[in-house]
Amino acid sequence: MIDWGQAGVVMAALSARSTVVGRHVREHFASWPAFQNRAYDLDALPLLCAAEPALAHARRCERYVALLERLCALYQEEPLIRAYFGYTPAEDALIRSDPGAGRHVWVCRLDGFIVEGRDQIMLLENNADAPAGTLFTQRVNAVVREVLAGAWPQGRLPTVPQPLDKDSNVFLGLLLDAYHAWGGEADPPRLAILQERGRSNVESQEMARQYQAAGVPTVVADPREVTLKGGRLLCEGLPVDLCWNKVNTCRWRELAREHPTLNQTWREVVAARAVCHVNSFGARFAAEDKRSLAIFTDPECAGFFSDEDRELTATLLPFTRRLGACGPAGLEGSDGELTELISERQGELVLKVPFDIRGDGVTIGRSTARGAWLAQAADGMRDGGIVQRYVEPTRYPVLSVGLDGHGDGVSAGSMRVSCDTFILAGRFAGFGAKASLAEKVNVFQGGRKVSVMLTQPAAA
């Protein structure tokens, strides 16, 4: 998957020009559009992936998101699927009131690790509620391309363009497509980006500015401060036609406990078709829930999926089981129950809660004390969650450029990297990546975003 030959060439060229790279970044940083929710060093070396295996993975991801779409539909239709997740009555009513805007999963970021030495990415989780990076991924790619061109103009790295890179407003186009599929007729519609007041991130504010400049009236609004009046949703007293809900589901559930009318209000909003809401609450719950990763092999629910479906998920997903599932664990080399597997093979496994952000709900067995591991497993058995086989992330060279203006600020090293796949309206849109020294490869846990570029095969 990784084009190690090209990566070596580019790393050597940039390292030899580190002073030029540092100077270029310092001179141009102030002119770049914002591309960070949290400050981190810029990585001047893109993650270079060979186009052919990368795009083959993208096609598999499209099929997988189609499965998630079917799962959202099954939730509406099948009591057994609803029982599998076990949401509260208020959450269930909210999900079932929202049929989606032509589809449920309009936007999805599938986070994964490249398997060492193989042309394969294993997916670790679905981000189907409010994935970050829909604007900043394109901006990071553009910044790194500019640095490459400025510091190494003779390099001429041939790459295959990704859809996210062809149009800076590709995500706005997706939202408008969702609105029209829903039946909306306003031209342009008024867009609300839903974020909790006082906790709005930079990307949402930048979206509002960019989309406003593109001619789409846009406001960032708190979902607790809306009003349903005359069949219209009002934000700050003005009607809204379309909303992109950027409140992650784990935080939404917390807000619903703090404000018991929240789910009822939004159930009435979507049921009244007062606004086009993206993604649907079905996607934000069932497709986002980490237990969805285990449903395809669950003894009670596997019958809803075909052998072809299970073959696809076996290719894309590591061993994953819902905590509390009955029967043999099913991991090679183990004939016991799931509780025995969790106890005996801690170093090979990871525990995850159904909803989290920034990796806070992920417990990695190999780096967790025995008592804490068993306690987390017991909590998961009671409250819900999954156990997943640990996937070792590939390490990749990085060329870090400090953005604080002190000295050259350029250093070389290697970090663990992710490779994440954006699927918009069921079609591949682009790759994103993160790099970190930590086991949890997350920007909010000391990591940084990394540009991804797809390399063309070398000429014969």
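Counting restarts for each chain, with residues numbered from 1 along the sequence as it is written. Note on the predicted model: pLDDT of at least 70 is required for a residue's local features to be given, and 80 or more for side-chain atom pairs to be given and counted; whole-chain, interface and lining totals, by contrast, use all residues. Hydrogens and water are ignored here; the side-chain numbers use all heavy atoms of the structure.

Q: Can you tell me about the environment of Trp-106, naming the residues and giving the values?
A: Here Trp-106 shows up in the loop between α5 (89-96) and β3 (107-114). The exposure class of Trp-106 is buried, given its relative accessible area of 6%. Sequence spacing of Trp-106 and Ala-128 is 22 residues, and the spatial spacing of their C-alpha atoms is 8.4 Å. Pairs of residues are marked as contacts when any of their non-hydrogen atoms sit within 4.5 Å. Residue contacts for Trp-106: discarding those within four places in its chain leaves Ala-101, Leu-174, Asp-177, Ala-178, Ala-181, Val-278, Asn-279, Ile-423, Leu-424 and Ala-425. Runs of H or I in DSSP of at least four residues are treated as helices and runs of E of at least two as strands, each being numbered from the N terminus. Relative accessible area decides the class of each residue, using a 1.4 Å probe on protein chains only: under 20% of the type maximum gives buried, over 50% gives exposed, and in between gives partly exposed.

Q: Describe the pattern of salt bridges, with residues and values.
A: A carboxyl oxygen of Asp or Glu within 4 Å of a side-chain nitrogen of Lys or Arg is what we treat as a salt bridge. Scanning all chains against the criterion turns up 29 salt bridges. Notably, a salt bridge pairs Glu-196 with Arg-199, separated by 3.6 Å at the nearest N-O pair. Here Glu-392 and Arg-366 are joined by a salt bridge, their closest N and O atoms 2.8 Å apart. Here Glu-392 is found in the loop between β16 (386-389) and β17 (395-401), whereas its partner Arg-366 is found in the loop between β15 (362-364) and α15 (370-383), with 26 residues between them in sequence. Using a relative accessible area of 45% as the deciding quantity, one classes Arg-366 as partly exposed.

Q: An account of the pairing of strand β18 (residues 410-417) is requested, with residue identities and associated values reported.
A: Note: two strands are recorded as paired if DSSP finds a minimum of 2 bridges between them. Pairing between β17 and β18: seven bridges, direction antiparallel. From the neighbouring strand, Pro-397 faces β18, where its bridge partner is Ser-414. Strand direction decides the pairing type here: β18 and strand β20 (residues 427-436), joined by two bridges, are antiparallel. Following the sheet pairing, Val-417 is matched in β20 by Ala-435.

Q: An account of the nonpolar core is needed here, citing residue identities and associated values.
A: Ranked by size, the top nonpolar core spans 104 residues in total, and within it Leu-42, Leu-47, Tyr-64, Phe-85, Val-105, Trp-266 and Ile-295 carry the most contacts. Apart from residues lying up to four places away in sequence, Phe-85 is in contact with Leu-71, Tyr-75, Ala-286, Asp-289, Arg-291, Ser-292 and Ile-295. By convention a nonpolar core is built from buried Ala, Val, Leu, Ile, Met, Phe, Trp, Tyr and Cys residues, the set being connected through side-chain atoms within 4.5 Å. If you look at the next biggest cluster of nonpolar residues, it comprises 27 residues, including Ala-101, Leu-135, Tyr-179 and Leu-242.

Q: So what's going on with the side chain of Arg-416? Which residues, and what values?
A: Among the structural elements, Arg-416 can be located in strand β18. Among buried charged residues, Arg-416 stands out as having no salt bridge; its nearest opposite-charge side chain is Glu-392, 4.1 Å away. For this analysis, a polar contact is any N or O atom pair within 3.5 Å, provided that within protein one partner can donate a hydrogen and the other can accept it, and provided that sequence-adjacent residues contribute only side-chain to side-chain pairs. Polar side-chain contacts of Arg-416 include one of 2.5 Å to the backbone oxygen of Leu-437. Not counting the four nearest positions on each side in its chain, Arg-416 is found in contact with Glu-392, Pro-393, Thr-394, Arg-395, Lys-434, Ala-435, Ser-436, Leu-437, Ala-438, Glu-439 and Val-441. His is not counted here, nor are the chain ends, while Lys and Arg score as positive and Asp and Glu score as negative.

Q: Give a detailed account of the side chain of Glu-288, specifying residues and quantitative values.
A: Locating Glu-288 in the fold gives a position in the loop between α12 (281-287) and α13 (307-316). One buried charged side chain, Glu-288, makes no salt bridge at all; its nearest oppositely charged neighbour is Lys-290, positioned 5.2 Å away. Reaching out from Glu-288, the side chain makes a polar contact with the backbone nitrogen of Ala-128 at a distance of 2.7 Å. In this structure, Glu-288 is in contact with Asn-126, Asn-127, Ala-128, Asp-129, Thr-249, Ala-283, Pro-354 and Phe-355, ignoring residues within four places of it in sequence.

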